[in-house]
Amino acid sequence: MHIPDAFVPLGQSIVYWIIALVFVALALKWARSELDDEKVPLVAVLAAGIFAIQAFNLPVGMGTSGHLVGGALAAIVLGSPFAAVFILTLVLLIQGIIFGDGGLTTMGVNIINMGVIGGFVGYYTYGALKGISGNTYAAAAFAAWLACFVPALAAAIEMAIAGTFPLVPGLMAMGLYHAAIGIIEGVITAGAIYLIANARPDIMEKRAEVAA
Amino acid sequence: MEMKPFLVAGVALALLIGVAAVFLASGDPDGLESTALFVQNEKSITGPSPEDGDAEAIGEGTFEYEAPMPDYGLGEVFGKPGEVVAVLVGTLVALLLVFGVGKAITTTKH
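Residues numbered from 1 in each chain as written. Chains lettered and ligands numbered in written order. Predicted model: local features only at pLDDT ≥ 70, side-chain atom pairs only at ≥ 80, totals over all residues. Heavy atoms only, no water.

Engineer: What exactly am I supposed to notice about the overall build of chain A here?
Structural biologist: Broken down by element type, chain A carries eight helices and two strands. Element order for chain A, N to C, with α for helix and β for strand: α-α-β-β-α-α-α-α-α-α. Taking 2.2 N^0.38 as the reference for a compact globule, 212 residues should give roughly 17 Å; the C-alpha atoms of chain A span a radius of gyration of 16 Å, in line with that estimate. When its C-alpha atoms are laid out on the principal axes, chain A stretches across 45 × 35 × 30 Å. Within chain A, the proportion of its 212 residues that are buried is 62%. Across chain A, every contact between residues at least 6 apart in sequence was considered, and the portion connecting residues at least 24 apart equals 75%. Put simply, chain A shows about 7,200 Å² of open surface, and 73% of that area lies on carbon and sulfur atoms. Seen as two clouds, the 7 positive and the 11 negative side-chain charges of chain A have centres 8 Å apart. (Helix = DSSP H or I, 4+ residues; strand = E, 2+ residues; numbered from the N terminus. Rg over C-alpha atoms; globule rule 2.2 N^0.38 Å. Buried < 20%, exposed > 50% of the residue type's maximum accessible area, 1.4 Å probe, protein only. Contact = heavy atoms within 4.5 Å. Areas by Shrake-Rupley, 256 points an atom, 1.4 Å probe, with all protein chains shown as cover. Lys, Arg positive; Asp, Glu negative; His and termini not counted. Charge placed at Lys NZ, Arg CZ, Asp CG, Glu CD.)

If you want it as structure tokens, here you go:
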């Protein structure tokens with residue numbers, strides 16, 4: 001889902017960058033308020049894990065592959081959608097500058113899609129479903145699926161505005177492929193939360209207290 | 001589990017996943033690239049992707065940037081070992097950058 005420089009005209013990229021920077025500023029405000037000496041290493045390890053797993057493309061059929069994005073995972077584990085913006089911004093920065101994965105002019109729109117939309121959709125869907133079902137893992141899995149699917153539709157609309165993809169075929173293909181890729185997002189997110197909850201139940205308990 | 005071994009295990013798992021990705025990841029294009037190939041009529045929506053398809057050919061953006069480790073590798077000369085180095089470097093840079101930014105934020109608020 002990493003949009004390259006070639007896909008968005010520069011003028012539109014600047015608009016997306018300005019919107020993204022507003023959320024990055026809010027994410028830094030979150031970090032200043034929520035991070036402490038104990039949480040910083042946890043956030044760093046989560047970022048390293050998200051970077052590594054983003055390099056692991058799994059086949060989803062239809063001549064397509066996909067990987068975990070991690071917005072929902074970061075938001076759920078750290079208890080805020082701004083955690084996803086914080087981590088994904090830094091991961092996208094590394095991917096864009098060092099590896100050429102996702103553009104530099106389009107880094108703003110990628111932050112919006114994967115960090116902002118992914119983080120907010122993942123966090124609030126998880127909170128709502130956890131409240132209804134009481135099942136952490138099912139709620140996390142569906143929230144993560146949606147946090148992959150909705151940003152993909154947003155990207156299709158952005159590509160239509162950019163004149164890169166026609167709207168309806170773009171929405172159809174992006175929706176179809178990311179509905180499949182979202183299954184990877186859901187399974188890995190639920191699995192990672194299971195591992196964290198078993199190794200360090202206090203981390204997830206703190207999140208439950210915050211949600212309540 | 002104590003926090004320190006928990007974090008060490010997390011870093012080890014991240015590095016392991018990164019190395020495994022070099023050898024096991026799918027070479028098929030991702031969802032965005034597949035969509036680009038589909039709307040360029042280079043693939044059907046559910047069919048296989050062409051091996052020589054250029055997803056970015058549809059783009060009209062003019063900005064170009066040459067990353068030091070493009071496509072998570074060090075170039076064809078270094079092959080898979082170069083890709084292992086690239087993904088290990090990326091994982092450790094992610095760890096250190098987020099740790100550094102986080103520490104800078106917590107230090108300045110005291």
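Engineer: Which parts of the structure should I look at to understand the overall build of chain B?
Structural biologist: In terms of helices and strands, chain B carries three helices and zero strands. Secondary structure of chain B in N-to-C order comes out as α-α-α. Against the 2.2 N^0.38 benchmark of 13 Å for 110 residues, chain B shows a C-alpha radius of gyration of 19 Å, more extended than a compact globule. Each of the three principal axes of chain B carries a C-alpha extent, and together these read 55 × 30 × 30 Å. Looking at chain B as a whole, 38% of its 110 residues qualify as buried. As presented, chain B carries roughly 6,400 Å² of accessible surface, and 62% of it is formed by carbon and sulfur atoms. Mean positive and mean negative side-chain charge positions of chain B (5 and 15 charges, respectively) differ by 23 Å.

Engineer: Looking at this structure, how should I read the interface of chain A and chain B?
Structural biologist: It is common to report an interface's size as the accessible area lost on association of the parts. Taken together, the 66 residues of chain A in the interface contact 63 residues of chain B. Between chain A and chain B lies a buried interface of about 5,400 Å² when both sides are counted; carbon and sulfur atoms form 74% of it. On the chain A side of the contact with chain B, A:R32, A:F56 and A:F99 bury the most area, a combined 12% of that side's loss. Counting across the interface, chain A meets chain B through one salt bridge. In this structure, B:K103 and A:D37 form a salt bridge, with 3.3 Å as the shortest nitrogen-oxygen distance. On inspection of chain A and its partner chain B, the count reaches 17 residue pairs in polar contact (both at pLDDT 80 or more). Breaking the side of chain A that touches chain B down by element, the ones donating at least two residues are α1 (10-34), α2 (39-54), β1 (58-61), β2 (64-66), α4 (81-99) and α7 (167-199) of chain A. For the side of chain A that touches chain B, the element with the most residues is α2(A), which contributes 12 residues. Its residues assigned to classes, the side of chain A that touches chain B shows 45 nonpolar, 14 polar and seven charged. (Buried area = accessible area lost by both parts, 1.4 Å probe. Salt bridge = Lys/Arg side-chain N within 4 Å of Asp/Glu carboxyl O. Polar contact = N/O pair within 3.5 Å; in protein donor to acceptor, adjacent residues only side chain to side chain. Nonpolar A, V, L, I, M, F, W, Y, C, P; charged D, E, K, R; others polar.)

Engineer: I'm lost on helix α3 (residues 71-78) of chain A in this one. Help?
Structural biologist: Burial within α3(A) is extensive, with eight of its eight residues counted as buried. Directly after α3(A), the chain includes A:G79, whose backbone phi takes a positive value near 75 degrees.

Engineer: Could you clarify how one ought to interpret the packing of α3(A) against α7(A) in this entry?
Structural biologist: In helix packing, the relevant descriptors are the interaxial angle and the interaxial distance, both defined with respect to the helix axes. Residue and element names in this part refer to chain A. Taken N-terminus to C-terminus, the directions of α3 and α7 make an angle of 25 degrees; their axes are 9 Å apart at the nearest point. Comparing the axis directions of α3 and α7 gives the class roughly parallel. Our pair here, α3 against α7, has a crossing hand that is right-handed. For the pair α3 and α7, the contacting residues are G71, L73, I76 and V77 in the first and E185, T189, A192, I193 and I196 in the second. (Axes fitted to C-alpha atoms, helices over the stretch in contact; angles between N-to-C directions. Parallel < 35°, antiparallel > 145°, perpendicular 65-115°, else oblique. Left-handed = near helix turned anticlockwise from the far one by under 90°.)

Engineer: Looking at this model, I keep getting lost on the nonpolar core. Mind explaining?
Structural biologist: Side chains that are nonpolar tend, in soluble globular proteins, to be buried together. By size, the foremost hydrophobic cluster in this structure holds 106 residues, and its most contacted members are A:F7, A:F86, A:I87 and A:F165. Per element, the largest residue contribution to this core is 13 residues, and it comes from α4(A). (Core = buried A, V, L, I, M, F, W, Y, C linked by side-chain atoms within 4.5 Å.)

Engineer: Can you help me understand the side chain of A:N57 in this one?
Structural biologist: Here A:N57 is to be found in the loop between α2 and β1. Contact partners of A:N57, with chain neighbours within four places excluded, come to A:S65, A:G66, A:H67, B:A25, B:S26, B:D28 and B:D30.

Engineer: Could you clarify how one ought to interpret empty space enclosed by the protein in this entry?
Structural biologist: If a probe the size of a water molecule is rolled over the atoms, the empty space left behind becomes visible. According to the stated counting rule, one finds three cavities of 30 Å³ or more in the structure shown. Taken as a whole, the second largest cavity holds about 60 Å³ of empty space. Lining of the second largest cavity is provided by A:M1, A:S65, A:G66, A:H67, A:V69, A:C148, A:H178, A:I181, B:D30 and B:G31. Within the residue set of the lining of the second largest cavity, elements represented by two or more residues are β2 and α7 of chain A. A class-by-class count of the residues in the lining of the second largest cavity yields four nonpolar, five polar and one charged. (1 Å grid on protein atoms, 1.4 Å probe; cavity = no way out; pocket = protein on both sides within 12 Å on 5 of 7 lines; lining within 4 Å. Points joined across faces, edges and corners; volume = space filled by probe spheres on them.)

Engineer: Explain the pairing of β1(A) to me, please; I cannot follow it from the model alone.
Structural biologist: Here is the key point about a regular strand: its side chains alternate between the two faces of the sheet. Residue and element names in this part refer to chain A. Both β1 and β2 contribute to a ladder of three bridges, which runs antiparallel. Counted as the bridge partner of P59 is S65 from β2. The antiparallel pairing of β1 with β2 creates a hairpin that spans two residues between the two strands, and M62 there sits at a positive phi of about 60 degrees. (Pairing = 2+ DSSP bridges.)

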